[in-house]
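Structural overview
Chain by chain, the residues run as shown.
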Amino acid sequence: MTTLHTRVLIIGAGATGAGLLRDLALRGVPALLIEQRDVNSGASGGNHGLLHSGARYVASDREAAMECREEGDILRRLAPQCIEDTGGLFVAVRGDDERYVADFPGLCAASSVPCRGLDLGTARAMEPSLSPDLVAAFAVQDGAVDPFMLSLDNIAQALSLGSSMRRNLAAQSMEVENGRIVRVLCRDITTGEDVRIEADLVLNAAGAWAARVASLAGARIGMLFSMGSLLITQDRIATRVINRLRKPSDADILVPGGTVSILGTTSIRVASPDGCRPSVAEADRIIDDARAMLPILERTRYIRAYAGVRPLVSLGPAGDDRAVSRGFALVDHAADGLENFITITGGKLTTYRLMAEKAADLACAKLGVAAPCRTRTEPLPASTLGQWTEPGKGPRTWVDSRTEDDLVLCECEMVSRGVIDSIIDESGAMRGRSMLKAIGMRSRVGKGPCQGGFCGQRVTGHLYDRGMVSGMQGLAELKTFTERRWRGFSPILWGVPLMQADLQEALYCGSMDLEFGPPPSTRDDEGACAPVAKEPA
Amino acid sequence: MNTYDVMVIGSGFAGMAASLFAAKRGLSVAQAGGTGGIDFSTGFIDLMAVHPVAGQRVWEDPYAALAALRRDLPLHPYAHVTDDEIAAALGEFAAFLGDNGLCYTGRPGRNTLTLTSAGTVKPTYLLPCSAWGGVEALEAKAPTLLVDFHGLKGISARQIAEVRADWPELRTARVRFPGMGGELYPEHMAWSMADQARRIELAEAVRPLLGDARFVGFPAIFGMTDTMAVVRHMEELLGRRVFEIPTLPPSIAGPRLRAAFDRGLPVLGVRTYTQKLVSAAEVSDGLFHFTAGSGSTAVRIAARGAVLASGRFFGKGLKADRHAVREAVFDLPVSQPGKREDWHRAEFFDPRGHGINQAGLETDAALRPLGADGRPFHPRLHAAGAILAHQDWMRMKCGAGLAIATACKAVRDLNQNL
Ligand SMILES: Cc1cc2nc3c(=O)[nH]c(=O)nc-3n(C[C@H](O)[C@H](O)[C@H](O)COP(=O)(O)OP(=O)(O)OC[C@H]3O[C@@H](n4cnc5c(N)ncnc54)[C@H](O)[C@@H]3O)c2cc1C
Ligand SMILES: Cc1cc2nc3c(=O)[nH]c(=O)nc-3n(C[C@H](O)[C@H](O)[C@H](O)COP(=O)(O)OP(=O)(O)OC[C@H]3O[C@@H](n4cnc5c(N)ncnc54)[C@H](O)[C@@H]3O)c2cc1C
């Protein structure tokens, strides 16, 4: 069995774990980050991508509102490559609660969240898709964030400072001696091999899985799970973020991202963070509700749905999950008799940096490191790790550096064989159980209108050509990839997407008989709600 | 304005077959249609191979499978067609293709396992003759060289060889296609293979790789119109049996089929309106009045009878919004699952297939679609092909066969009423 030694072990490569890796590295503490699947395969890859101005929380959670405002400002300044600074609107339509509308500007002021009243004509000129039934509109500082690029840029800088990361490595048990975690036992998902990690300090950044990870050391965290589903539209419907001006509820936010918009979200209590997927009923509910704000949502074309699970650290009996504070939880497990164990969970993508800062402060105190946090003032350097997920980046690079033999394997999104090759080469030994899935996460393969029907098969052929898969494995991985994409497509299959699904099944089953043959390469990853790269576009 | 005996709506397998059969029976035919399954098909003509789909039972004898199907699923459209009618329809269809440069073959009464571009094998009934060498090589697991090309992305020989672990003497090689660089397209390659010099160059590139191979397989690129002549020439040049494997669509199979119909149907007097969809249909004075196409190029067509062969969602015969599935031309009632939740299963590859794929038109025994009152919508409106309800051609492996057989039946019964 391999044994790895590290001063600090971080479990979970969502935005929080990635931010923590960077924060510690900047303080001169290189750490090892492990992730059971892939970067952002938890909530960080299954969220709305809204850089909150704070306005959504002014009525329910003033502390969260202020945190969001402050952190939003920092990210816009220090990580502009990950942010689309769109601005946002809060709008009410006829029938919405007038009290809420009337109180809104005052509440914003009380939380120092900038907010400007708009006359309705101006609002409609800014966003022509808004309903004719508009009764109130305010401008706020919401933006859109690319969560995948955010995590990868954090990781890239940390790696350049001597930190390390292992993907497809799951923490499975812990050995505790004399009030300390002395060993974390992990499984390498690619090889099935057991790996032992010995660390001075263990940081649990496992998001919705944090309670489970804590329990490996015998610590208890009360946690609720709330699943949210979102829909991606084919076209970008609005320039800005558009929020429904009412008590936060379902289907009241539309966030732009590149060439698309993302509509959501729902909130459904689930028993575990594993196995969540969007449903037909949720897709319908989202559209039925949101069209009051933007009637075009009834007619527009959707390209996919996805879901994520919010980790809500429970504060006693709670009714609606959205009422629970989203303020994050930082737990020093010294109180549980574990001196070298910290959990950081909950919170928001918008506040990931602050969460990392607070967790790193505590970690450094335990390690006796005096270096202060630098992420509040130092820019986040843009890296090349996340570049292929950016819509349009594939074609540009392909046109710039095209060799005669480079082929476009994915025509919908113009992803070339050269791009796939560079992903394969970067991925190396951490391919996990499906190389195709890892490629899908790092590129736009499978995200275009063909729903993966053509590019999935072509990339599979290329993986065979390069010897990355052999025997039935490539077909099994193709089936895994297809089933994974299917979760997102099946809730929105009417109109053109249904025609695409018809064609895909004609290809895969009608002409290649793929419903026979090997089963999908893995079904055990039911847990990953939405391991999707930059969901926008 | 001319009045035709039959208006055929659709130019997929079902529409092409309906036009062919109607014209051969002396009827005057107009046909409108756009792109459909035929353009994406593999060129294989499946008859019937899997039943029940949930049990994934594969039948070698399609007629035995049909007997079981008619017993277990009496609503399946095949229940309205006899074995003799099916055999006759397929024979007539294949003969027509043969006469127009597209040779088809198969074993009477038996399905044949054929190689796909994914490396899987699928049961089919009639195959392009150019694929037959592959069937023999596969059956004998004979020493075989599989060639693919730099720049052609719809097929990987290495994938096929890896997936076919049961065929150890299958070797692969990737060569440059003579005279072309960069990204290659099967249709361009096929046209260039009309040139004998090109074949000689290709044979020269492949000859040093032959080794002990008795068969040589290529992606389907051997000519648009006279494929078997190209195959024979290549066999002569290489001294080996040569065969084709269809690439991932759009492959050459679609254009070859289209080309054969474009050549053969006008000779039979069929008036074809290509790339025109019927945008309006009315019935008055006992006649159908259709508008095909839109805007200034729209045409009006009158007909005494009609065959609706407009396919499913991809073909555009059926349309779905968030709440229901509708038929696109006449707004005929569509048999369908009650709620959208029941349209699709949680897993794409669920062996039972998806509920939506059994949706479609209910008909009487003469394949006349039923109106809202449960009676035939019109005495001379028939339906054929994938638009029919209670079948799942993708899972049952009966795509083109069902289209051809039901087209034949629809035309025959229509003819009796004209
Ligand atoms: C539907 C939805 C919409 C949201 N919208 C927004 C929004 O618009 N704006 C916003 O600011 N926030 C939003 N959020 C919140 C935000 O997404 C999360 O708060 C944030 O992504 C949490 O990041 P994290 O790194 O803490 O957790 P995660 O991203 O869940 O990361 C935890 C990681 O730990 C890994 N892990 C778990 N167990 C193990 C183990 N045993 N070994 C190794 N690794 C393990 C998981 O695989 C996962 O990758 C939304 C959340 C949801 C669910
Ligand atoms: C990728 C793929 C692979 C396939 N592989 C095989 C295979 O290996 N073996 C096999 O047997 N079958 C295969 N098929 C199936 C086969 O090609 C046919 O799709 C099937 O037999 C159904 O034929 P159809 O004519 O009923 O419908 P379609 O092929 O869908 O044709 C419908 C036609 O109707 C036209 N149309 C629609 N609306 C209108 C309108 N309003 N006015 C006029 N025309 C209209 C369309 O333009 C089209 O021409 C495959 C299909 C696909 C898509």
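This report concerns the structure included in the present document.

About the criteria used
- Residues numbered from 1 in each chain as written.
- Chains lettered and ligands numbered in written order.
- Predicted model: local features only at pLDDT ≥ 70, side-chain atom pairs only at ≥ 80, totals over all residues.
- Heavy atoms only, no water.
- Pairing = 2+ DSSP bridges.
- Helix = DSSP H or I, 4+ residues; strand = E, 2+ residues; numbered from the N terminus.
- 1 Å grid on protein atoms, 1.4 Å probe; cavity = no way out; pocket = protein on both sides within 12 Å on 5 of 7 lines; lining within 4 Å.
- Points joined across faces, edges and corners; volume = space filled by probe spheres on them.
- Nonpolar A, V, L, I, M, F, W, Y, C, P; charged D, E, K, R; others polar.
- Core = buried A, V, L, I, M, F, W, Y, C linked by side-chain atoms within 4.5 Å.
- Buried < 20%, exposed > 50% of the residue type's maximum accessible area, 1.4 Å probe, protein only.
- Contact = heavy atoms within 4.5 Å.
- Axes fitted to C-alpha atoms, helices over the stretch in contact; angles between N-to-C directions.
- Parallel < 35°, antiparallel > 145°, perpendicular 65-115°, else oblique.
- Near = heavy atom within 4 Å.
- Polar contact = N/O pair within 3.5 Å; in protein donor to acceptor, adjacent residues only side chain to side chain.
- Buried area = accessible area lost by both parts, 1.4 Å probe.
- Salt bridge = Lys/Arg side-chain N within 4 Å of Asp/Glu carboxyl O.

Quick notes on the sheet that holds strand E4 (residues 83–84) of chain A
Residues and elements named next belong to chain A.
- Spatial ordering of the open sheet is given by E3-E8-E4, a layout of three strands whose pairing is antiparallel. Each of the sheet's edge strands pairs with one partner strand only, and the pair in question is strand E3 (50–51) and E4.
- Two strands pair when backbone bridges link them, and E3 and strand E8 (residues 143–145) are joined in this way by two bridges, in the antiparallel orientation. The partner of Leu51 across the bridge, within E8, is Gly143.

Thoughts on the layout of surface pockets
- In this structure, the second largest pocket encloses a volume near 870 Å³.
- Contributing to the lining of the second largest pocket are 50 residues, with Gly36, Gly37, Ile38, Gly311 and Gly315 of chain B lying nearest its centre.
- The leading source of residues in the lining of the second largest pocket is helix H14 (residues 495–511) of chain A, at six residues.
- Tallied by class, the residues present in the lining of the second largest pocket amount to 23 nonpolar, 20 polar and seven charged.

Structural notes on the nonpolar core
- With 94 residues, the main nonpolar core has Ile439 and Val445 of chain A together with Met7, Phe290, Leu308 and Phe330 of chain B as its most contacted residues.
- In this structure Phe290 of chain B touches Met7, Ile9, Val278, Ala280, Ala281, Val299, Arg300, Ile301, Ala306 and Phe330 of chain B, once residues within four positions along its chain are discounted.

Focus on the packing of helix H4 (residues 83–99) of chain B against helix H10 (residues 253–267) of chain B
Residues and elements named next belong to chain B.
- It is the contact of H4 with H10, at a shortest axis distance of 9 Å, that shows an interaxial angle of 90°. On the basis of the axis angle, H4 is roughly perpendicular to H10. The segment H4 lies against H10, with Phe93, Phe96 and Leu97 engaging Leu257, Ala260, Phe261, Gly264 and Leu265.
- A per-class count over the contact of H4 with H10 returns seven nonpolar, one polar and no charged.

Some words on the site of ligand 2
- Taken together, 40 residues lie around ligand 2, and Gly34, Thr42, Val278, Ala386 and Ala400 of chain B are the ones closest in.
- Mapping the residues near ligand 2 onto chains gives chains A and B.
- Separating a nitrogen atom of ligand 2 from a backbone N or O atom of Phe44 of chain B is a distance of 3.0 Å.
- Measuring from an oxygen atom of ligand 2, one finds a backbone N or O atom of Ser310 of chain B at 3.5 Å.
- For the shell around ligand 2, the leading source of residues is H14 of chain A, giving four residues.
- Across the shell around ligand 2, the residue classes tally to 18 nonpolar, 18 polar and four charged.

Side note on the interface of chain A and chain B
- The partner chain B presents 50 residues to the 55 residues of chain A that form the contact.
- Carbon and sulfur atoms make up 58% of the area that chain A and chain B hide from each other, which totals about 5000 Å².
- Counting every contact that joins chain A to chain B gives nine salt bridges.
- Across the salt bridge formed by Asp513 of chain A and Lys397 of chain B, the nearest N and O atoms sit 2.9 Å from each other.
- Counting across the interface, chain A meets chain B through 30 residue pairs in polar contact (both at pLDDT 80 or more).
- Take the side of chain A that touches chain B: its biggest share by element is 13 residues, from H14 of chain A.

Interpretation in functional terms is not warranted from these geometric data alone.
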